[in-house]
Structures are given as C-alpha cells and as structure tokens.
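Observations on the model geometry
Each chain, letter by letter, is given below.
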Amino acid sequence: MIVEVGHYALVLALALALVQSVLPIWGVKAADARLMAVARPVAWGQFGFVAISFAALTWAHVASDFSVANVFENSHSQKPMIYKISGVWGNHEGSMLLWVSILALFGAMVAWFGRNLPKTLLAAVLGVQAWVAVAFYLFVLLTSNPFARILRAPMEGRDLNPILQDPGLAIHPPLLYLGYVGFSIAFSFAVAALIEGRIDAAWARWVRPWTLAAWVFLTLGIAMGSYWAYYELGWGGWWFWDPVENASLMPWLAGTALLHSSIVMEKRDALKVWTILLAILTFSLSLLGTFLVRSGVLTSVHAFATDPARGVFILGILVLFVGGSLTLFAARAGALTKGGLFAPISREGALVFNNLFLTAACAAVFIGTLYPLLLEATTGGKISVGAPFFEMTFGPLMVPLLLVMPIGPFLAWKRGDLLAVAQRLAVVFVVAILGTIATWWATRGGPILAPFGIGLGLWLSLGALAEIAFRIKLFSEPSVAFRRAVGLPRSAWGAMLGHLGVGLLIFGVVAEGAWKVEHVLVMKPGETVQVARFDLTLTEEKTIVGPNYDATVAHFVVREKGREVAVLEPAKRNYRTRKMPTTETAIATFDGFSQLYLAMGESQGGGVAMRIYWKPMVLLIWLGCLVMAIGGAVSLTDRRLRIGAPKPSRVASAALPAAAE
Amino acid sequence: MRATLARRPLLAAALLGWALAVQPLATGVAVAVQPDEMLKDPALEARARAISSELRCLVCQNQSIDDSDAPLAKDLRILVRERLTAGDDDAAVKNWLVARYGEFVLLRPRFEMRTAILWLAPFAVLLLGGVAAWRTLRRKGARASVEAPLTEAEKARLADLLDR
C-alpha cells in the first residue's frame with residue numbers, strides 16, 4: 001500500500017509540475033499577477049509529493065519489501081541498515097527518483113528564498129524549472145518506475161552490488177546530484193531572462209548563490225567519488241579519466257567558469273551574453289552527464305541500440321532542452337544590452353582569461369569523452385581515448401590558467417596595473433622559485449618536472465594568501481590588520497580559500513604522481529618488506545565472517561626504525577549472495593597527509609599477492625577540494641547574498657528629484 | 001604539467017557508485033599486474049608497466065591492461081613482456097599489438113585523419129575563443145575611444161559654440 005502511495009504521489013507531482021510549467025509563464029505573458037502567484041505554492045506542493053514518493057521507496061528498502069522489483073534486485077534482508085538506505089539510490093530507478101527529488105527540492109527552495117525576486121522573474125524561473133521537472137517525471141514514470149511490483153514476491157533479495165556497500169556511496173551520489181541538478185537553477189534563470197528579454201547586474205546577484213551552492217556540492221561530490229575510488233578499488237589511483245568521471249568534471253569546469261563570469265556581470269554589468277550562454281551550457285553538460293551514465297551508451301553503442309527506450313528518452317530530453325535553450329539564446333541574445341568597458345589588463349580581462357581556458361579544458365574533456373562514441377556511431381571505427389589523451393590536452397590547458405590565477409585577484413577592475421601587481425607578488429614569486437630549487441635539490445634524480453609542480457603549488461597557495469595579506473594591510477599597517485580582516489567581505493575570504501584549495505590540490509597531485517613508491521609482491525606470513533621508511537611484516541592470515549560476506553584478512557605490523565607505528569589489515573571479502581569478491585584496502589596516514597596503502601590480491605605460490613604503496617601528500621588532493629568547497633560555502637554567507645539583491649527601490653527614484661531640487 | 005610530471009599510473013575504469021548501478025562489473029578485486037608476471041630486470045619491467053598503462057584491456061570498460069584483472073589483460077601483459085625481453089623497443093611493441101588488435105588497443109589514439117578533430121578541437125576552442133574575446137575587447141576599445149577626450153580642434157569648436 002505504502003509503495004502504491006509513493007507511486008501515486010509521483011504522478012501527482014507530475015500533475016503539479018504540468019500546472020507549474022504553464023500557468024506562471026502564461027501569467028508573465030499576460031501580465032496576470034494571479035497566474036504568476038500560482039508558481040510558489042505549486043512548487044512547494046510538487047516537492048511535498050516527491051518527498052512522499054521518495055520516502056515510500058526508502059520505506060520499501062528499509063522494510064525489505066521484496067515484492068517491489070527494485071528492492072528485490074538491489075537489496076537483501078541481511079544487509080546493514082545504512083546500505084539498505086543508500087541502496088535506494090544505488091540503482092538506476094532509485095537514483096533517477098533521487099534526481100527528480102532534488103530538482104523539486106531546488107524548485108521549492110527558489111520559491112522560498114525568492115520572495116524578494118521580481119514577480120515576473122520568479123514566475124518565469126519556476127515555470128522553466130517545471131519544464132525540466134515534467135520531462136524527468138515522465139522519464140521515471142514511463143521508463144524507470146521504481147515502484148513496479150513482482151506478482152509472486154520472492155523470499156530474499158539479490159543484494160546490492162558489493163562494491164557499492166560502502167559509506168562513500170551513501171553520500172557520493174546525493175552530493176553529486178545536488179551539484180548537477182543545482183545548476184538547473186542557473187539554467188532556469190538564464191532561460192527566464194531570455195524569455196523576459198531583460199537582464200541586469202541584479203540578475204547575476206540572484207543567480208550567483210544558486211550556482212555557488214551547486215558548485216560546492218559538485219566539488220564535494222567529485223572529491224568524495226575520487227576518494228571512494230581510491231580506497232575502494234585497490235589500485236591506489238584517484239582519477240581515471242573514465243567517461244563517468246568526465247561526465248561530472250564537465251559541468252564542474254563549466255560551472256567554475258560560470259561562477260567567475262557572473263562576478264564580472266554582477267560587479268561590472270559586462271559579459272552578460274556569455275554568462276547566459278555559460279549558464280545554459282553548464283546545465284546542458286549536467287544533462288549530458290545524466291544521459292551518458294543513465295542510457296548505457298558508455299557500456300557500448302550496441303547495448304544502447306538494443307535496449308534504447310531509456311537512452312532515447314534521455315537523448316530526447318537532452319536535445320529538447322539544449323536545442324531549445326540555444327535556439328532561444330540565438331534568437332534573443334542580440335536584444336540584451338552590452339555592458340561595461342574594460343581594458344585587456346584588468347580584473348575583467350583576467351576573468352575572461354579564466355573562462356577561455358576553463359572552456360577549452362572542458363572542450364578537451366567533452367571531445368575526448370564523446371569522440372569514440374561519435375566515431376563508432378558514424379563510421380563504425382573503434383578507437384579508445386584514455387588517460388594519456390587527457391593528460392596531453394587537459395594538462396597543458398590547465399597550466400596557463402594556474403600560472404595566471406594568483407595575478408587575477410590583484411588586478412583592478414576596468415584597467416589594471418601589471419607592474420604594481422608584479423611588485424606585490426615578487427616575494428611570492430621568489431619563494432616559489434626557491435621552493436622549486438630546494439625541491440630539485442632534495443629529490444635529485446627524480447622526475448624532472450616535479451619540482452616545478454611544487455613551485456606552482458607554492459605560487460598558487462602563497463599567492464592566494466598574499467592577496468588577503470595586502471587587502472588587510474597585514475605588513476604595512478599590522479595594527480589595523482585584524483579589524484580590516486574582520487571587515488573584509490566574506491566573498492573575499494571565499495575566493496582566497498577557493499584559490500588556496502587549488503594550490504593544495506596541486507601539491508597533492510604532484511607529490512603523489514612523482515614520488516609515490518609501489519611494491520607488488522607475493523608475501524608469506526612472517527615475511528617483512530621495506531617500503532619507503534617503513535618495515536611491514538605480514539604476521540598472519542585469518543578468515544572472519546561478516547554479516548553478508550566472508551573475508552580473508554592479512555594482519556600487518558608496520559614498524560618505523562624498529563618501533564611499531566601501525567597495524568594494517570587489508571582484506572578480501574566474498575559476498576555470499578552475489579558470489580562477488582571485493583578488496584578492502586588498509587590505509588594508515590603519516591605526516592598529516594601521506595599514506596601507506598595496502599591492497600590484497602590473489603593467493604599464489606604459497607603466499608598472497610600484495611600491492612603496497614607509499615603515497616606522499618596524497619590527502620592534499622582531497623583536502624584541496626574540501627578547502628575549495630569551504631571557500632564556496634564561506635562566499636555563500638556573504639552579506640550581499642544573505643540580504644539579497646537590492647530592489648530597484650521606489651524610494652531611491654522618489655528621493656532623486658527631491659535631492660536635485 | 002601533470003602529463004609530463006612522471007609516468008603516472010594510467011588507471012582504469014572509474015567505478016563511481018551510480019555508474020555501477022547500470023554497469024555491474026564482474027569483480028572489484030584489485031589484482032592487475034601480478035608478482036609472478038613481473039620481469040626481473042627493473043628497467044625492462046618499468047618499460048613494460050609504462051607500455052601497459054597505455055594499452056586498453058579490450059574486453060573491459062576503459063581499463064588499461066596494467067590495471068585490469070581480466071584474463072585477456074593478463075595475456076597481453078605477458079605478451080608485452082615477451083616482446084620487450086625479445087628486444088623490441090616500445091614503439092615496436094605497440095605496433096605489433098596494433099597490428100593484431102587494431103587501433104582500439106591504444107588508449108592514446110594516434111594522430112591521423114580520423115582523429116585530427118579529436119586532437120585539435122580543444123586547442124581550436126582556445127584559439128577561436130581567444131580571437132572572439134580579442135575582437136570583442138577591440139570593439140569595446142574602439143567604442144571607448146569615441147568617449148575619449150576631445151581633440152584641440154573639437155575643443156576650439158565647442159568653445160566657439162558656447163561663446164555664441
């Protein structure tokens with residue numbers, strides 16, 4: 001019964017979305033305030049019904065109701081509770097229900113926080129939001145119904161894919177979807193602006209917090225996924241340039257560009273047309289990601305062709321929204337007024353540079369991901385595009401961007417003075433060079449370019465700190481520095497943290513890539529191996545029985561200079577229901593950020609194959625992402641975003657003639 | 001930068017959670033390159049690893065043979081090591097594999113007619129974007145010059161008009 005209620009609630013949500021997609025926009029066109037006022041309550045109602053629907057599916061999973069096909073295929077009565085809950089979105093149907101739930105949540109939040117938006121803009125935004133919602137409700141209901149029943153209910157379920165039974169999975173997809181779907185707000189604002197044919201700096205201020213929030217979630221989601229892959233898969237890698245990862249990286253790159261271009265629009269009323277286009281592209285890439293992952297097209301073009309219902313449906317959604325919005329853009333963008341002027345060397349110029357390289361890097365990921373599919377679909381030729389391609393294209397495109405990054409925030413709006421910036425950054429530059437030389441000296445014989453990578457990390461992180469130091473006059477007037485620091489807008493701190501995070505990320509990427517130590521060997525109990533500065537002894541192998549798996553565990557004692565510093569127990573699990581083995585890595589952190597990483601392989605030659613890695617500074621990769629996300633969150637609490645955009649108030653216009661008199 | 005830092009392990013198919021929902025892989029066990037496959041000569045083994053990481057496991061999803069645990073990947077790893085031990089250079093090993101399995105085996109496609117778009121597109125976007133940005137800036141610059149201070153002749157004419 002509860003399951004049927006959930007199903008019916010989803011249908012009702014679709015009905016409300018249909019109302020929301022027509023009446024408010026009709027209201028905008030007919031200038032009818034009553035029709036426009038429909039948008040907010042309906043958006044809340046829509047979210048309410050989706051929430052009921054989602055709760056119903058969650059209940060079915062928690063209660064192990066195997067008469068529901070989705071639960072039968074992805075759950076097991078013995079599965080730990082956390083994975084019964086995360087299993088709701090650990091499958092196609094459930095994850096699409098999560099997708100629409102988050103979409104409705106964002107719509108409801110816009111309705112809630114958008115009280116001070118102009119009525120026409122709010123109505124148009126919620127209307128456009130509902131178009132997207134209608135398409136995806138139809139997709140779920142027609143092709144991916146999570147509430148389908150099985151006539152003869154089985155006694156036991158098939159269990160969730162063991163690799164997905166991990167705390168990382170519990171949070172990774174919701175974070176990622178909050179990011180993906182969050183960009184739909186920027187999209188709706190952009191399309192609403194095109195429909196209204198009006199756009200100004202206030203528009204940018206309204207859109208920015210939503211873009212920022214989506215970006216923060218996407219950053220966390222990608223980082224979480226990367227760390228999950230790192231510890232779960234047992235190869236010690238953290239980024240694989242897999243199409244699925246690329247699908248999330250593309251909206252991130254475009255979203256990062258959007259964040260920066262909307263600053264220009266907000267502060268200087270410039271780059272309007274480009275910002276609108278970027279908002280459309282960012283969400284289009286989110287849709288593309290959904291298509292790539294959900295249609296099965298990545299598995300193979302043929303699999304897609306043999307069971308095309310879902311794929312064709314999402315492709316239809318993709319074509320409709322991307323094509324429709326770009327057509328609207330082409331028709332209306334010319335009508336948007338062009339804004340402020342600026343010299344090439346200026347803050348605006350630096351942000352254009354940022355957008356240029358981020359867009360090109362995004363294009364590299366885009367073409368690398370889609371070209372093999374296109375080539376096979378058109379000519380039947382099969383090629384592979386893997387990590388080496390992306391490292392040769394994406395890598396070089398990132399370097400100029402990173403080199404210029406610390407300079408941008410120092411430049412003045414409209415017309416910057418490069419010489420003055422050079423004077424301010426001279427110390428940072430010298431430190432970065434010295435760091436490069438010192439690293440080269442300390443790691444002679446190692447990878448040649450790695451010291452430059454460390455220098456780049458110093459340049460980025462110290463450059464970010466220097467900008468704040470100069471703004472609060474830390475060195476010139478230390479006595480007032482603290483007061484100035486408190487008074488500094490939170491967005492300035494946010495930008496600093498965002499850029500600092502990139503610096504930390506670079507340290508991690510460079511150190512892990514250049515100086516990691518890998519040992520692949522067969523070990524027998526009692527044997528000791530030296531890895532980096534540690535001696536690892538395999539003391540015993542034992543078997544243990546878990547709730548829904550059996551495991552073989554290798555017990556390692558780690559010693560440094562004879563002193564025991566850690567005990568590590570990598571394991572291999574065998575899940576009973578799916579008869580699937582998984583690797584449980586064992587990781588110990590030293591020096592704050594470096595990790596010793598053990599993964600267990602097959603038994604061979606009377607021992608067990610072990611992969612042992614020493615990964616210097618590897619945690620900085622994710623810590624850098626975390627700092628970036630914190631920067632975004634801090635920026636989100638900035639006063640001007642809390643207060644909201646200034647209304648073009650009547651008081652001001654009324655006061656003006658009075659003042660003139 | 002990253003590309004050239006060092007030989008990075010070119011790791012395999014990412015299995016981000018939600019992907020697995022549609023593409024359950026056979027196994028998540030990390031076996032990849034096995035101790036008993038590895039060559040005694042460290043220099044030769046390092047070359048074998050570098051080559052392996054650029055070759056696709058043909059039956060896997062976007063995994064290199066260095067990372068894959070599929071039996072085919074194991075065969076290919078052993079083949080690569082046999083060719084290297086026989087004295088082939090890196091390019092010869094790759095050519096030999098391409099001859100047997102086609103271009104599909106290379107994770108870094110060669111630059112040729114049908115992959116030209118792939119390799120050039122990112123830089124073409126940069127170039128076109130750069131030109132567009134430059135033109136926009138110049139047009140704006142031209143518009144700015146309209147608002148530039150008046151010339152001496154204009155000032156004289158303005159003064160003349162105001163005096164009248």
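Predicted model only: the values in this text are computed from it and were never measured.

1. Some thoughts on the overall build of chain A
Scanning chain A for helices and strands turns up 22 helices and ten strands. Against the globule reference of 26 Å for 661 residues, chain A gives a C-alpha radius of gyration of 27 Å, in line with a compact fold. Within the span of chain A, comprising 661 residues, buried residues form 61% of the whole. Sequence-distant contacts, at least 24 apart, represent 73% of the contacts inside chain A between residues at least 6 apart. Accessible area of chain A: about 25300 Å², with a carbon and sulfur share of 68%. In chain A, 50 positive and 37 negative side-chain charges are present, and the distance between their average locations comes to 10 Å.

2. Some points on the domain arrangement of chain B
Residue and element names in this part refer to chain B. The domains assigned to chain B are domain 1 (2-110) and domain 2 (114-163). At the interface, four residues of domain 1 touch four residues of domain 2. Around 280 Å² of area is buried between domain 1 and domain 2 when both sides are counted, 62% of it from carbon and sulfur atoms. Looking at the side of domain 1 facing domain 2, the largest losses of area belong to Glu-103, Pro-109 and Arg-110, adding up to 85% of the total buried there. Counting every contact that joins domain 1 to domain 2 gives zero salt bridges. The interface formed by domain 1 and domain 2 contains two residue pairs in polar contact (both at pLDDT 80 or more). Its residues assigned to classes, the side of domain 1 that touches domain 2 shows one nonpolar, no polar and three charged.

3. As for the sheet that holds strand E8 (residues 586-590) of chain A
Residues and elements named next belong to chain A. What the four strands build is an open sheet, ordered E1-E10-E9-E8; its pairing is antiparallel. Looking along the sheet, the strands with just one partner apiece sit at the ends: strand E1 (517-523) and E8. Sheet twist, expressed as the mean angle between neighbouring strand axes with direction ignored, is 15°. Both E1 and strand E10 (residues 607-615) contribute to a ladder of seven bridges, which runs antiparallel. Paired with Val-517 across the strands is Trp-614, a residue of E10. Each of E8, strand E9 (594-604) and E10 is contacted by helix H9 (residues 201-233), which is oriented at about 45° to E9, the strand it contacts most.

4. As for the pattern of salt bridges
Inspection of the entire model under this criterion finds 29 salt bridges over all chains. The residue A:Glu348 makes a salt bridge to A:Arg268 at a minimum N-O spacing of 2.5 Å. Linking A:Glu348 in helix H14 (residues 347-379) with A:Arg268 in helix H10 (residues 243-268), this pair joins segments that are 80 residues apart in sequence. Neither residue differs from the other here; A:Glu348 and A:Arg268 are each classed as buried. The residue B:Lys74 makes a salt bridge to B:Glu37 at a minimum N-O spacing of 3.0 Å. Taken together, the residues span a long stretch of sequence, with B:Lys74 in helix H4 (residues 71-85) and B:Glu37 in the loop between helix H2 (17-22) and helix H3 (42-52) at a distance of 37 residues. Taking the relative accessible area as the measure of exposure, B:Lys74 reaches 30% and is therefore partly exposed. Residue class for B:Glu37 comes out buried when judged on its relative accessible area of 8%. Put simply, A:Glu518, A:Arg611, B:Arg49 and B:Asp66 are held in one network by salt bridges that share partners.

5. Details of the environment of A:Pro616
Residue and element names in this part refer to chain A. Along the chain, Pro-616 turns up in the loop between E10 and helix H20 (619-636). Distance in space between the C-alpha atoms of Pro-616 and Lys-516 is 6.1 Å, their sequence separation being 100 residues. Not counting chain neighbours up to four residues away, the residues in contact with Pro-616 comprise Ala-511, Glu-512, Trp-515, Lys-516 and Ser-594.

6. Quick word on the packing of aromatic side chains
Residues and elements named next belong to chain A. In total, this model carries 29 aromatic pairs over all chains according to the counting rule given. Considering the side-chain rings of Phe-189 and Trp-203, the 6.5 Å spacing of their centres and the 75° angle between planes classify their relative orientation as edge-to-face. With a gap of 14 residues between them, Phe-189 in helix H8 (residues 167-196) and Trp-203 in helix H9 connect regions that are remote in the sequence. Each member of the pair, Phe-189 together with Trp-203, is buried. A network of ring pairs unites the aromatic residues Tyr-227, Tyr-230, Tyr-231, Tyr-597, Tyr-613 and Trp-622 as a single cluster. One cation-aromatic arrangement involves Arg-115 over Trp-112; the distance from NZ or CZ to the ring centre is 4.8 Å.

7. What about the nonpolar core?
All names here are of chain A. Judged by nonpolar contacts, the single largest core of 200 residues is most densely connected at Trp-99, Tyr-137, Phe-189, Trp-203, Leu-253, Ile-276 and Leu-292. The element contributing the most residues to this core is H9, with 18 residues. Ignoring anything within four residues of it in the chain, the contact list for Leu-292 reads Ala-247, Met-250, Val-297, Leu-298, Thr-369, Leu-370 and Leu-373. Counting residues in hydrophobic clusters, the runner-up holds 21 residues, among them Ala-566, Phe-590, Leu-598 and Trp-614.

8. Examining the packing of helix H19 (residues 490-515) of chain A against H20(A)
It is at 7 Å that the axes of H19(A) and H20(A) come closest, and there the two elements cross at 170°. Taken as axis vectors, H19(A) and H20(A) run roughly antiparallel relative to one another.

Procedures and definitions
- Residues numbered from 1 in each chain as written.
- Chains lettered and ligands numbered in written order.
- Predicted model: local features only at pLDDT ≥ 70, side-chain atom pairs only at ≥ 80, totals over all residues.
- Heavy atoms only, no water.
- Helix = DSSP H or I, 4+ residues; strand = E, 2+ residues; numbered from the N terminus.
- Rg over C-alpha atoms; globule rule 2.2 N^0.38 Å.
- Buried < 20%, exposed > 50% of the residue type's maximum accessible area, 1.4 Å probe, protein only.
- Contact = heavy atoms within 4.5 Å.
- Areas by Shrake-Rupley, 256 points an atom, 1.4 Å probe, with all protein chains shown as cover.
- Lys, Arg positive; Asp, Glu negative; His and termini not counted.
- Charge placed at Lys NZ, Arg CZ, Asp CG, Glu CD.
- Domains from an automatic or database assignment.
- Buried area = accessible area lost by both parts, 1.4 Å probe.
- Salt bridge = Lys/Arg side-chain N within 4 Å of Asp/Glu carboxyl O.
- Polar contact = N/O pair within 3.5 Å; in protein donor to acceptor, adjacent residues only side chain to side chain.
- Nonpolar A, V, L, I, M, F, W, Y, C, P; charged D, E, K, R; others polar.
- Pairing = 2+ DSSP bridges.
- Axes fitted to C-alpha atoms, helices over the stretch in contact; angles between N-to-C directions.
- Phe/Tyr/Trp six-rings, centres within 6.5 Å; stacked < 30°, edge-to-face > 60°.
- Lys NZ or Arg CZ within 6 Å of the ring centre and 35° of its normal.
- Core = buried A, V, L, I, M, F, W, Y, C linked by side-chain atoms within 4.5 Å.
- Parallel < 35°, antiparallel > 145°, perpendicular 65-115°, else oblique.

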